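Examining the three-dimensional arrangement
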Amino acid sequence: MVSIKQLPWALMATLAASCAIAQQRLSPIPADQYSADQKKVVADIAASGPRKEIFGPLLPMMRSPELAYSAERFGEHVYYNSGLDKRVYELAVILLARQMTQQFEWRVHYPSALKAGVKQADVDAIAAGRRPRTLEPDEAAAYDFIVELYKRNEVSDATYARVVDKLGERGVVEIVGLLGYYTTIADMMNVNRTPLNPGTAPMLKTLAKPLP
Amino acid sequence: MTPIQRMACLMMALLVSGAAAAQERMPPIPPDKMTDAQQKVVTDVVSGPRGRLSPPFVPILRSPELLSRLQRVGEYLIYHNSLDPRIFELVVMMMARNWTQQFEWRHHYPLALKAGVKQETIDAIAEGRRPVNLAEDEAIAYDFAVELLANKSVSDQTYGRFAGKFGEQRLTDLVATMGFYTSIAMVTNVDRTPIEDGTAPLLKPLP
């Protein structure tokens, strides 16, 4: 039994224990400890990209500098130049975050999805593992394409035709590129146990079948 | 041949022709129809270590800049990654099975054998069984990849064994390999990319 006096200490101990569990496995390498190869990657990205620095979730990859460089360049295209409507883009990202129960991505992209115009009711449905009911036609085409791809590893003719009609062949290819990129980041963050940004809490519940 | 047998044969023939008719959805773009950006990327890729625009990149050419950036990740992973080729090919075979991706399966089948993955290991992966005679390093990589695919996370014990045996660079290369082949499997399955000639057996549905 914990007395009232002991309670704060018990809480502290619990918190400390949970912090220890959640510690990053591949924490960022301090810049002053970078090797020559790592410094070169930092300089090349600063000189070339729109972001000018390696995106935070990719930092564990600095263990493999050339990989970090090429992953950053891939991500810059996906994020800045996919040509997808921001609404469809953000919908795809939160679907991926839900599929992989990636709390960091969900926490970051949930507000971006709302800001881009995805409806609150649809975001809530995706979080809860229900099928959203008020998607716009282009959102619904992308949604069905992604869910079918996850469930069947491929897509039916009807679903394919509808997504090409709404997004074009390039749009379909960009959606797949986006899914591949965010899968890589989500895997990396899940393996690393990347912590959430300070002051934020996980929002996704664990679901056996995340996508309806 | 009884009428029922004849009917069965006819249905078989229809099924086979139906499978053949599952044509690729985003076929090669004829060179004279390519934009300047597409032509430039194709020239870059063909003059690189690949020497050709390999089939999975044919659909991706609809976005030449995406192709350029994604293939660069692949170029690192295929030609310069820090993993033993035997481990790399083992994990690629696991990814092809996970997505039932016939092009990748057939393409990597001989590469995996050549890299030293045992025939019985490939057979087990094809059937969705855990291979029984894995070398120690193969077993460590196999367990890591299986956990990441199934749980989207890796337990401390499995992580510790992998990091202890291979180090952190190989660990990040492995995670990126799985991510890259996810992109490739998705695009080739969507595209229905045709398999290339070869003798390697194709994947059957899991039992």
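Computed from a predicted model, the values in this text were never measured in an experiment.

So, the overall build of chain B
Of regular secondary structure, chain B possesses ten helices and zero strands. Its helices and strands taken in sequence order, chain B reads α-α-α-α-α-α-α-α-α-α from the N to the C terminus. Put simply, of all contacts in chain B between residues at least 6 apart along the chain, 65% involve residues at least 24 apart. Put simply, chain B shows about 9900 Å² of open surface, and 58% of that area lies on carbon and sulfur atoms.

Thoughts on the pattern of salt bridges
The tally for this structure, following the rule as stated, stands at 30 salt bridges over all chains. We note a salt bridge from R25 of chain B to D157 of chain A, for which the minimum N-O separation is 2.7 Å. A residue pair is termed interchain when its members come from two chains, as with R25 of chain B in the loop between α1 (3-21) and α2 (36-46) and D157 of chain A in helix α8 (residues 157-192). Of the charged contacts in the structure, one is a salt bridge between R130 of chain B and D143 of chain B, with a shortest N-O distance of 2.7 Å. Taken together, the residues span a long stretch of sequence, with R130 of chain B in the loop between α7 (119-127) and α8 (136-151) and D143 of chain B in helix α8 at a distance of 13 residues.

Some remarks on the packing of aromatic side chains
Residues and elements named next belong to chain A. Per the counting criterion, the structure on display carries eleven aromatic pairs over all chains. For the cation-ring pair, R51 lies above F55, with the distance from its terminal atom to the ring centre recorded as 4.3 Å. Its guanidinium or amino end placed over the ring of Y79, K86 lies 4.6 Å from that ring's centre, counting from NZ or CZ.

Digging into the nonpolar core
The biggest cluster of nonpolar side chains holds 119 residues, and the ones touching the most others in it are F145, I175, L178, L179 and Y182 of chain A together with F144 and F162 of chain B. Mapping this core onto the domain boundaries places at least three of its residues in each of domain 1 (35-81) and domain 2 (85-192) of chain A. Discounting chain neighbours no more than four positions away, the residues touching F162 of chain B are L83, I140, A141, F144, G167, R170, L171 and L174 of chain B.

Comments concerning the side chain of R106 of chain B
All names here are of chain B. Following the sequence through the fold, R106 ends up in helix α6 (residues 102-115). Buried R106, no salt bridge; nearest opposite-charge side chain is D197, N-O distance 5.8 Å. Once residues within four sequence positions are removed from consideration, R106 is found in contact with I195, E196, D197, G198, T199, A200 and L202.

Thoughts on the confidence of the model for chain B
Regions with low pLDDT carry predicted coordinates that are not meant to be interpreted in detail. Mean pLDDT for chain B: 92, with 90% of residues reaching 70 or above. Below a pLDDT of 50 lies the segment residues 13-21 of chain B, which in the model reaches zero contacts outside its immediate sequence neighbourhood of four places, other chains included.

Observations concerning the packing of helix α4 (residues 86-99) of chain A against helix α7 (residues 137-152) of chain A
Residues and elements named next belong to chain A. Their axes nearest at 10 Å, the elements α4 and α7 cross at an angle of 30°. Put simply, α4 runs roughly parallel to α7. The hand of the α4/α7 crossing is right-handed. Residue-level inspection shows R87, V88, L91, A92, L95, L96 and Q99 of α4 in contact with α7, the latter providing D138, E139, A142, Y143, I146, V147 and Y150. Taken together, the residues that form the contact of α4 with α7 break down as ten nonpolar, one polar and three charged.

Focus on α6 of chain B
Residue and element names in this part refer to chain B. In a regular helix each residue adds 1.5 Å, so 14 residues correspond to 20 Å; α6 covers 20 Å between its end C-alpha atoms and thus fits that length. Along α6, the largest kink reaches about 35° and is centred on H108; proline P110 follows within four residues of it. Buried residues along α6 sit in contact with α5 (85-98), α7 and α10 (168-191). Its side-chain oxygen 3.0 Å from the backbone nitrogen of F103, Q101 forms the N-cap of α6. Looking one or two places after α6, you find G116, whose phi comes out positive at around 110°.

Let's talk about the interface of chain B and chain A
In this assembly, 41 residues from chain B lie in contact with 44 residues from chain A. Taken together, both faces of the contact between chain B and chain A bury some 3800 Å²; the carbon and sulfur share is 64%. The three residues of chain B that bury the most area against chain A are R25, R69 and K152 of chain B, which together make up 18% of that side's buried surface. In this structure, the connection of chain B to chain A is made through seven salt bridges. Taking the shortest distance from any N to any O, the salt bridge between E168 of chain B and R63 of chain A comes out at 2.8 Å. The tally of links between chain B and chain A comes to 16 residue pairs in polar contact (both at pLDDT 80 or more). Of all elements in the fold, only α3 (57-60), α4 (64-80), α8, α9 (156-166) and α10 of chain B reach the threshold of two or more residues within the side of chain B that touches chain A. Examining the composition of the side of chain B that touches chain A, we find that 15 residues originate from one element, α10 of chain B, more than from any other.

What counts, and at which threshold
- In every chain, residue numbers begin from 1 and rise along the written sequence.
- Think of it this way: whatever chain is written first is A, whatever ligand is written first is 1, and the rest follow in order.
- For this predicted model, a pLDDT threshold of at least 70 governs which residues receive local features, and a threshold of 80 or more governs which side-chain atom pairs are given and counted, while totals over whole chains, interfaces and linings are taken from all residues.
- The side-chain quantities take in all heavy atoms of the structure and omit both hydrogens and water.
- Going along the chain from the N terminus, every DSSP run of H or I of four or more residues is numbered as a helix, and every run of E of two or more is numbered as a strand.
- Residue contacts follow a heavy-atom distance rule, with two residues in contact if any of their heavy atoms lie within 4.5 Å.
- All accessible-area figures derive from a Shrake-Rupley calculation using a 1.4 Å probe, and residue coverage is judged against the displayed protein chains alone.
- In the sections that follow, a salt bridge refers to a side-chain nitrogen of Lys or Arg positioned within 4 Å of a carboxyl oxygen of Asp or Glu.
- Two aromatic rings, drawn from Phe, Tyr or Trp (for Trp, its six-membered ring), form a pair once their centres lie within 6.5 Å of each other, and the interplanar angle then sorts them: stacked below 30 degrees, edge-to-face above 60, tilted otherwise.
- Any Lys NZ or Arg CZ that is within 6 Å of a ring centre and within 35 degrees of that ring's normal is treated as a charge sitting over the ring.
- Here the nonpolar core consists of buried residues drawn from Ala, Val, Leu, Ile, Met, Phe, Trp, Tyr and Cys, with membership extended through side-chain atoms lying within 4.5 Å.
- Summary of the burial criterion: residues with accessible area below 20% of their type's maximum are buried, those above 50% are exposed, and those between are partly exposed, where the area comes from a 1.4 Å probe applied to protein chains only.
- Where each domain starts and ends comes from a domain assignment, either automatic or drawn from a database.
- Positive charge is attributed to Lys and Arg, negative charge to Asp and Glu, and no charge count is given to His or to the chain ends.
- Each residue gets a pLDDT score, which is the predictor's confidence in that residue and runs from 0 to 100.
- Geometry is summarised by axes, namely lines fitted to C-alpha atoms with helices restricted to the contacting stretch, and by angles between N-to-C directions that run from 0 to 180 degrees.
- Working rule for angles: under 35 degrees goes down as roughly parallel, over 145 as roughly antiparallel, 65 to 115 as roughly perpendicular, anything else as oblique.
- Should the near helix be turned counterclockwise from the far one by less than a right angle, the crossing is left-handed, whereas a clockwise turn marks it as right-handed.
- Each residue is assigned to one of three groups, with Ala, Val, Leu, Ile, Met, Phe, Trp, Tyr, Cys and Pro labelled nonpolar, Asp, Glu, Lys and Arg labelled charged, and all others, Gly among them, labelled polar.
- To estimate how far a helix should reach, multiply one less than its number of residues by 1.5 Å.
- Note that bend, as reported per residue, equals the angle between axes fitted to the 7 residues terminating at that residue and the 7 residues originating from it.
- Counting of polar contacts relies on pairs of N or O atoms within 3.5 Å, with two restrictions inside protein: one atom must be capable of donating a hydrogen and the other of accepting it, and residues adjacent in sequence are counted only when both atoms are side-chain atoms.
- In short, buried area is how much 1.4 Å probe accessible area vanishes from two parts on joining, totalled over both.

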